[in-house]
Every structure is written in C-alpha cells, then in structure tokens.
Amino acid sequence: MEILLLLAMNGLVWGLIIALIALGLSIIFGLLDIINIAHGDFFMVGTMVAWATVQMTGNFWLAFLAAPLIGLVLGAIIQRVVIQPIRNAAALSIVATFGLSMILQETARLTFGAVPKRLLPPIEQTIRLFGIDYEVYRLFAAALAIAALAGFFLYLHHTKTGTWMRAVRHDPDTAIAMGIPAERVYVLTFAIGFALAAFGGAVAAPITTVDFRGGVDILPVCFMAVIIGGLGNLPGTAAAAVLLAFMEGIIQSFADPTVARIASLVLMSAVLLVRPQGLFKGFAR
Amino acid sequence: MSRRALERAILVAFGVAMVAVPWLVPALLGSFWVSVIAEILIWSLLAASVNLLFGYVGLLSFGQALYFGFGMYGVGIGIAHLGLSFWPAFGLGIVASVAMALVAGIFAVRLTWHYFAIITVVFSLIFYFLFLTIKPVTGGDDGINFTLPPTFRFGQTEIGLADSTFQYFFILFCVAACFWLMHRVIQSPLGKALMAIRDNDVRASLIGLNIYRLRLVAFVMAGFLAGVSGALFAFFGRYSSASYMFYHVSGEAVVWAIVGGTGTLFGPLVGTGIFILVREVVSTQWQHHLLIVGVIAILIVIFAPKGFVGLWRGLMNRVTS
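None of these values were measured; they are calculated from a predicted model.

**Side note on the overall build of chain B**
Secondary structure summary: chain B contains 14 helices and four strands in total. Its C-alpha atoms put chain B at 55 × 50 × 45 Å along the principal axes. Buried residues in chain B amount to 46% of all 321 residues. Considering only residue pairs separated by 6 or more positions, chain B has 74% of its internal contacts joining residues 24 or more positions apart.

**Observations regarding the overall build of chain A**
Looking only at helices and strands, chain A has 11 helices and two strands in total. From first element to last, N terminus to C terminus, chain A shows the α and β order α-α-α-α-β-β-α-α-α-α-α-α-α. Scaling as 2.2 N^0.38, a compact globule of 285 residues should have a C-alpha radius of gyration of about 19 Å, and chain A matches this with 19 Å. Seen through its C-alpha atoms, chain A measures out along the principal axes to roughly 60 × 45 × 35 Å. Among the 285 residues that make up chain A, the fraction classed as buried is 52%.

**Topic: the packing of helix H10 (residues 234-252) of chain A against helix H11 (residues 257-274) of chain A**
Residue and element names in this part refer to chain A. Packing of H10 against H11 brings their axes to within 8 Å, and their N-to-C directions diverge by 140°. Relative to H11, the element H10 is oriented oblique. When you trace H10 past H11, the crossing you get is right-handed. Counted together, Leu244, Met247, Glu248, Ile251 and Gln252 of H10 and Pro257, Val259, Ala260, Arg261, Ala263 and Ser264 of H11 form the full contact between these two elements. Within the contact of H10 with H11, the residues separate by chemical class into seven nonpolar, two polar and two charged.

**Focus on the packing of helix H1 (residues 2-32) of chain A against helix H5 (residues 136-158) of chain A**
A pair of packed helices can be characterised by two numbers: the angle between their axes and the separation between those axes. All names here are of chain A. The interhelical angle for the contact between H1 and H5, taken along N-to-C directions, is 30°, at an axis separation of 9 Å. One way to sum up the angle between H1 and H5 is to call them roughly parallel. The handedness of the crossing between H1 and H5 is left-handed. Mapping the contact onto sequence places Leu12, Val13, Leu16, Ile17, Ala19, Leu20 and Leu23 in H1 and Arg138, Ala141, Ala142, Ala145, Ile146, Ala148, Leu149 and Phe152 in H5.

**Section: the pairing of strand E2 (residues 132-135) of chain A**
Residue and element names in this part refer to chain A. Note that strand E1 (residues 126-129) and E2 share four bridges and pair antiparallel. Each bridged residue has a counterpart across the sheet, and for Ile127 the counterpart in E2 is Tyr134. Hairpin geometry of E1 and E2 is characterised by an intervening segment of two residues between the two adjacent antiparallel strands and by a positive phi of about 45° at Phe130.

**Concerning the environment of Phe236 of chain B**
Residue and element names in this part refer to chain B. With respect to the helices and strands, the residue Phe236 is situated in helix H10 (residues 211-237). Overall, Phe236 belongs to the partly exposed group, with 19 C-beta atoms counted inside 10 Å. Taking the C-alpha atoms as reference, Phe236 lies 20 Å from Val281; in sequence the two are 45 residues apart. When near neighbours in sequence (up to four residues on either side) are disregarded, Phe236 contacts Ala38, Glu39, Ile42 and Ile171.

**A word on the interface of chain B and chain A**
Facing the 32 residues of chain B at the interface are 36 residues of chain A. At the level of secondary structure, the elements contributing two or more residues to the side of chain B that touches chain A comprise helix H5 (113-133), helix H11 (247-260) and helix H13 (289-303) of chain B. Broken down by element, the side of chain B that touches chain A gets its largest block of residues, 13 residues, from H5 of chain B. When its residues are assigned to classes, the side of chain B that touches chain A shows 26 nonpolar, five polar and one charged.

**Details of the environment of Gly310 of chain B**
Residues and elements named next belong to chain B. Among the secondary structure elements, Gly310 is positioned in helix H14 (residues 307-320). By C-beta crowding, Gly310 is classed as partly exposed, having 18 other C-beta atoms within 10 Å. Here the alpha-carbon distance between Gly310 and Thr262, two residues 48 residues apart in the chain, equals 8.9 Å. Apart from residues lying up to four places away in sequence, Gly310 is in contact with Gly261 and Ala304.

**Details of helix H9 (residues 214-229) of chain A**
Residues and elements named next belong to chain A. Taking 1.5 Å of rise per residue, 16 residues should cover 22 Å, and H9 covers 23 Å from first to last C-alpha, within 8% of that figure. With respect to burial, H9 is a largely interior element, 14 of its 16 residues being buried. Positive backbone phi, approximately 100°, marks Gly230, located one or two places after H9.

**Things to note about the nonpolar core**
All names here are of chain A. Ile17, Ile18, Ala19, Ile21, Ala198, Cys222 and Ala225 are the most contacted members of the largest nonpolar core, which has 206 residues in total. No other element matches H1, which puts 17 residues into this core. Ignoring anything within four residues of it in the chain, the contact list for Ile17 reads Ala141, Ala145, Gly200, Val203 and Ala204.

**Some words on unusual backbone geometry**
Even without being glycine, Asp33 of chain A reaches a positive phi, approximately 60°. Here Asp33 of chain A is to be found in the loop between H1 and helix H2 (39-57). Judged by the 14 C-beta atoms lying within 10 Å of it, Asp33 of chain A is partly exposed. Positive phi, normally seen in glycine, also occurs at Arg238 of chain B, with a value near 60°.

**A word on the environment of Ile35 of chain A**
Along the chain, Ile35 of chain A turns up in the loop between H1 and H2. C-alpha of Ile35 of chain A to C-alpha of Leu92 of chain A: the two residues are 57 residues apart in sequence and 9.7 Å apart in space. Not counting residues up to four positions away in its chain, the partners in contact with Ile35 of chain A are Phe29, Ser93 and Ile94 of chain A together with His114 and Ala117 of chain B.

**Let's talk about the confidence of the model for chain B**
Counting all residues, the mean pLDDT for chain B is 89, and 99% of those residues have values of 70 or more. Among the scores for the predicted complex, ipTM is 0.82 and pTM is 0.87.

The rules behind each value
- Residues numbered from 1 in each chain as written.
- Chains lettered and ligands numbered in written order.
- Predicted model: local features only at pLDDT ≥ 70, side-chain atom pairs only at ≥ 80, totals over all residues.
- Helix = DSSP H or I, 4+ residues; strand = E, 2+ residues; numbered from the N terminus.
- Buried ≥ 20, exposed ≤ 12 C-beta atoms within 10 Å, placed from the backbone.
- Contact = placed C-beta atoms within 7 Å.
- Rg over C-alpha atoms; globule rule 2.2 N^0.38 Å.
- Axes fitted to C-alpha atoms, helices over the stretch in contact; angles between N-to-C directions.
- Parallel < 35°, antiparallel > 145°, perpendicular 65-115°, else oblique.
- Left-handed = near helix turned anticlockwise from the far one by under 90°.
- Nonpolar A, V, L, I, M, F, W, Y, C, P; charged D, E, K, R; others polar.
- Pairing = 2+ DSSP bridges.
- Expected span 1.5 Å × (residues − 1).
- Core = buried A, V, L, I, M, F, W, Y, C linked by C-beta atoms within 7 Å.
- pLDDT = per-residue confidence, 0-100.

This is the structure we're talking about:
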C-alpha cells in the first residue's frame, strides 16, 4: 500500500513536470505546425543548465532563473536560424529538428561529458504524508510546476502578446491583416516553448539524472500527453500529462516500468484512432 | 550528350563500380571499406522504404525501424531459437515484417500527415518496449548472437556469408533486386496511382482510386523493403538487437532519405552513403561526428530542400541546357 501511494505521488509530481514540457511542445506545434523532435533535448538543456549553475555558483536556486532565460535566448536564436527558413515545409521540420536534437546532444556531451550526473535537491528534508516519508523537494517541484503552468495560462489570456499568440494560432492571415507582427510571435512562441521545457528540466534535475541523453526518454511521453490531450488543446495536454504519469506510477507498483510505458502507448494509439481530437475535446477549448 | 544518355552512362558506370568493389576497394583503401559499402547498401533499403512512403505516397513514416527490427528478429530468432537454415530464416524475417506492416498499416493508413507520423512511431515504440521486456526470446538491448548457417550446399562444399566476397555480392544482389522492384512499381500504373494520391488525394479519390487500399499496399511494400534491410543486417552482423527498433533508427532513415532526395529512386542511397561515410571517416578521428550529421541535415533542408539528388538535377539542367 505504501509503495502504491509513493509511486502514485511520484507519478503525480512527475506528471506536473511533464505537463510543463508538453505544453511547450504543444504551443510550438499549434502555432508553427512543427513536430519538434528536439523538444526532449530542450528539457535536457534545462537539466544541464541546473547542473552547471550548481557547479559554478553552488546555489541551486539560481538555476530556476538561469534555465528559462537561457531557454528563451536559445529558442529565439534557433527559431530565427533554423525554423524560419523552412516555415512552409512542415515535413522538413522533422528533419531539421532531428538534426537540432543531434547537435544539442553532442554539444552537451562535448561540454559536460558522457557520464550521467546526480544533483542533490536544494531541500533535503522529508515530510510525513499519508503514512509515508515523502521528499519535500518533490512537493516543492510540483508546486513550482503548477505555478509555472498557471503563470503561462495567465500570460496567454491576460497579456497583449499572449493574446497575439492566440490570435495567430487561430487565424494567421487575419491576425497579420489586423497588424499583429506574426513573425515576432513565431519567434516568441518558439522561445517560450524552449523556456518551458528548460524550466521543467531545471525543476526535474534533482529528481532524475543529468545526462546528455536525458531528453530521449522524455520526448515520447510529451508527445503522448499532447496527443491524448488533443493537438493544440493546452489544458487537455496538461491534464493528459498528469493522468499518464499517474497511471504509469500506479502500474509500476505491480509491474515493470516498461509494461507501464507500453500501456500508455497502447492508450495513445487508441486515442489516435478513435478520438484523434483528444480525450478532452468538449471539456476545454 | 543528351541528359538521358549521360544519366544512363553514370548509372552503368556506377553498376560496374559496385561489382568491382571487392577487388578495387581493398587495393585502393583496404578491405574494411568493403564492409562499409555493404552496410551502406543495407541501410539504403531502410531509407528507400521511407522514400517509398514519403516520396511517392506523401506519408511520412517515423516508425520504419519496427519492420527493420522484425526482419532482423525473424532471422535471429529463426536461426538461434528455431534452428532454421539460411533461406527459411531469411523468409521468416521478410514474412514477419510484411505481416507486421499489414497489421500496423490497417490502422495507420487511416490517418494522414501528423497523425500518421505519430502513430507509426507509437507502434514502433510499443514493440521496442515489448521486445525489451521479453528478454529470454529477444535478448533485449544485448540482442541475440547466432552462427550463420551456409547459404548454399553442394554435396560437401558449402558457400556462406563467412566468405566476405560472397557476402558482399549476396547483399549487392538483394539490394539491387529491391531497387529494381521499386523502380518497376514506380513505373507501373500502381506507382502512378500512388503519386496521384501524393499530389492530391481528394482528386485521386474522385477519379475512383481507392485511397485507403492503395496507401495500405504502399505501406506493406515499404514494410517489405525495411524487412529485407533488417534481415540482411542480421546476416551481416550475425546478431539481432532490440536497440535497432528505437525511434532514433527510424529518424535517421528519414533524414537519410530526405537529405538524399525523396521522390527519386537513388536519393536514399546517396543520403545513406554520405552519412555513413561521414560517420566512418570522422568517428575514427573525433567521437562527436553526430554534430556534423546534425549540421548537414539542417543545412540541406534549409538550402537544398530537394536533397542531394535535387542539387544534382539542378546542376545537370544547367549543364545540359
């Protein structure tokens, strides 16, 4: 029972972090029509930034600032240099982002080495929760993820540029006709998508390992969340990420982790074939 | 010289060069490079299977490694667990991959574009994780090793892939046969129907083409190409491993096909050749050769979206006109 509870809790926390990363994937997909194979590596960049920050300053908290900032800058540069020239060829974007993924992974390996590293969480206490000793940092990570998710939705619905993003997504031609600088919105969207993934990476760094291949396993999970939640349905994506990780956590309490992964992949195939608009269509817009 | 004659002359020269490889290459570069060329030939079939779907039907499959893996394991399991001899194991690999492609295709080709790309990668991931879990059968990440049975047996004399010249010609023959088959399919009415779907599926369905069935046929044929590729790779490496079913393998095949030039018969061969040569040449000097691979992939899609063969054709047009 304790194991079940522990794995369910871990699943919930992990799901919230995945939600953050998958949200980045979803806005990039929804606005730029790009299947971003490099998105898992954006997450990996976040974990690397966290590790580097701790190495250089000894202060983990700075990573929560550094990771999204570096993500924003890198995202803007990458959009300008790589994504913008192939805007009208969606199929090529898969190749370009696959190349990008290789470049990011090899650069990380070149700079930080191939050995996976462990980061100690900045909060090391445990707390007694429903009869189990639970790490406080994981609760804190969940809170951070929720705050970032809420912040992003507030930004999207209550600021000028957020409204621009929704407008360009809804109807790019009309948006341009109304004077919205669509080009800048594309740059901004890609940068925010990268920043969300990198922030997720910094939050998750003490929970997982810091590894140049860390994004490879994250990418399929994010795609599952985006598909099951419905392409472009942002609240649905977040809900699906939490649901999936929670489900995998529960299955892991009595079966192999790969069995849990197979179960979510089968669920995803079923959603794709039966409800390609996502599980939550009709609940949120 | 007209353009057609020039291209034909190049093709003949290329064919002669490929046949001369086992004598020419060891003398010029060393016998190691014969096996590199054999590997390029094998992998080019996987890229060709991506090309058949994307270049001629307009479906971007990101899961061809699944059928590659089935071809590989058909051979591996056939020889190591079932004790099959050479040809039945080869047959098992091809049948397994074609059957898998048929089952997956029945579901997958109902979807298009983004959804198609995603469901193909999902199917391949399901079996990747499945093959990792059933370790007693598949050997998981470590894979299974086996000793090759002889290919032909005439009384006492046995001919097998242990003879490296025979192995090269066996691979060359299989790959050339597959490319020839693909050429015939593209030239046939079936091929024209597939291209009609690629260019405009609504119009194609309005002139009476059964889009679903044609896409399924193409998907199964692509599964066949990938399966032959996987079976050959199992013979070549004498082992089968689940790690070749991960989505990175599918992704590399997509990159090779697009960088070489999709919608052309030899584009995937060119793309595969360039990337494997870069890997073999650079990786001995510098272990971060993937950095170069990534840069080439990005440069090509930005500056030459039709791939190397597209570049070549542009050049030919300028030379001959």
